[in-house]
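# Residue-level structure breakdown
Each chain, letter by letter, is given below.
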Amino acid sequence: MSDQPRGPLDFEVGEEPAPPPREPRERRERPPERVAVAAGRGSYLWVVGVAAVVLVVVLVVGTLREGTGRGARGVPVGAIVPPFAVPLALSDLDGDANLATRAGEGQAGDRPACAVRGPRILNGCALRERGPFVLAFFAVRDDRCVAELDAMQRARTRLPGVQLAAVAIRGDRGDLRDLIRRHGWRFPVGWDRDGALANAYHVQVCPQLTFARRGGRVAETTFGAVGADELVTKAERLRTR
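Residues numbered from 1 in each chain as written. Predicted model: local features only at pLDDT ≥ 70, side-chain atom pairs only at ≥ 80, totals over all residues. Heavy atoms only, no water.

### Some words on the state of the cysteines
Stated formally: The rule for a disulfide is simple: a pair of cysteine sulfur atoms within 2.5 Å. The numbering of helices and of strands both runs from the N terminus, where a helix is a DSSP run of H or I of at least 4 residues and a strand a run of E of at least 2. Exposure categories follow from relative accessible area, calculated using a 1.4 Å probe and restricted to protein chains: below 20% of the type maximum is buried, above 50% is exposed, and the middle band is partly exposed.
In total, this model carries two disulfides according to the counting rule given. The residue that forms a disulfide with C114 is C125, at a sulfur-sulfur distance of 1.9 Å. Sign of the S-S torsion, about -60° for the bond between C114 and C125, identifies this disulfide as left-handed. Placement of C114 in the loop between β1 (85-87) and β2 (121-123) and of C125 in helix α3 (residues 124-130) is noted, with a sequence separation of 11 residues between them. Given a relative accessible area of 27%, C114 falls into the partly exposed group. Take C125: its relative accessible area is 0%, and that puts it in the buried class. Across the disulfide from C145 sits C206; the S-S distance is 1.4 Å.

And the structure:
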């Protein structure tokens, strides 16, 4: 897998995007310029930088745990879930979420998300075509989120005909892979590297589950923990309505 960042998934399965053009040799071998900073000021800037990073982490985790002042939203009931394509966490495919509804949408994707499919991809259009589904959004380092995916795993065998899937919001992919293997989750888990998919689904609480009928029409969104029994009850309704 390449370490180079990529944009939204736009390429065919098995087809890797062309590598970026190589820089001239003289430019590559030129040592980077460094800006001298006085020792005292450098220490101050370092402390401020660390504090800023900590503040961002606290705000993100706090938002996912408790929502915002506007309240948790999710995709409105009755609406069709947005199309998407993201790499499966355990695959070797790299790239940001593709959210394009048509060709040539720039940062959303050059190809429509519904057309970007394959064994290394979690595709929302494929989910809604195959039947009802439950899609969980979670953060790797949040214990309540991880516990929710464990509940989904326990409910899995009790829900024939209902698909279960999850998407990890940002985080370290290596940690995510370890988590999947350690907990033995048998449903597909995608990786939303830049958080764009979570934004499209208005994720504000962790965990957040979207319950959708065949065709992708949202029946319900839950915010916070849902036990295995309750999850089964809610998911079974997707088949009967």
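### Examining the pattern of salt bridges
Using the following cut-off: When a carboxyl oxygen of Asp or Glu is within 4 Å of a side-chain nitrogen of Lys or Arg, the pair counts as a salt bridge.
Across all of its chains, the model carries 11 salt bridges by this definition. The salt bridge involving R193 is made with D94; its shortest N-O contact spans 3.0 Å. You can see R193 sitting in the loop between β5 (189-192) and α6 (196-200) and its partner D94 sitting in the loop between β1 and β2, a full 99 residues away along the chain. Assigned by exposure class, R193 and D94 land together as buried. Here R193 and D96 are joined by a salt bridge, their closest N and O atoms 2.8 Å apart.

### Things to note about the side chain of N123
Going by this rule: Polar contact criterion, stated in full: a pair of N or O atoms within 3.5 Å, where within protein one must be able to donate a hydrogen and the other to accept it, and residues adjacent in sequence count only if both atoms are side-chain atoms. For this analysis, residues touch if any pair of their heavy atoms sits within 4.5 Å.
With respect to the helices and strands, N123 occurs in strand β2. Polar side-chain contacts of N123 include one of 2.8 Å to the backbone oxygen of V116. Separated by 3.0 Å, the side chain of N123 and the backbone nitrogen of A126 make a polar contact. In this view, N123 contacts F84, A85, A113, C114, V116 and R117; residues no more than four positions away in its chain are not counted.

### Digging into the packing of helix α4 (residues 143-156) against helix α7 (residues 228-240)
Put simply, the rule is: Angles here are taken between N-to-C directions and fall from 0 to 180 degrees, while the axes themselves are lines fitted to C-alpha atoms, restricted in helices to the stretch in contact. By the definition used in this description, the sense in which the near helix is turned from the far one sets the handedness, with an anticlockwise turn below a right angle giving left-handed and a clockwise turn giving right-handed. Polarity classes work like this: nonpolar for Ala, Val, Leu, Ile, Met, Phe, Trp, Tyr, Cys and Pro, charged for Asp, Glu, Lys and Arg, and polar for all others, with Gly in that last group.
Between α4 and α7, whose axes approach to 8 Å, the crossing angle comes to 60°. Between α4 and α7 lies a crossing whose hand is right-handed. Contacts between α4 and α7 pair E148, A151, M152, R154 and A155 from the former with A228, L231 and V232 from the latter. Here the contact of α4 with α7 is composed, by residue class, of six nonpolar, no polar and two charged.

### Some remarks on the environment of R186
With respect to the helices and strands, the residue R186 is situated in the loop between α5 (173-183) and β5. For R186, a relative accessible area of 62% translates into the label exposed. Residues R186 and L164, spaced 22 residues apart in sequence, show a C-alpha to C-alpha distance of 9.2 Å. Not counting chain neighbours up to four residues away, the residues in contact with R186 comprise Q153 and R156.

### A look at the confidence of the model for the chain
What counts is decided by this rule: As a per-residue measure, pLDDT reflects the predictor's confidence and takes values from 0 up to 100.
Residue-level pLDDT values for the chain average 80, and 70% of them are 70 or greater. Contacts for the low-pLDDT stretch residues 1-5, under 50 throughout, to residues beyond four places or in other chains number seven contacts. Here residues 11-71 is a poorly scored stretch, pLDDT under 50, and it has 42 contacts once near neighbours within four places are set aside; other chains count.

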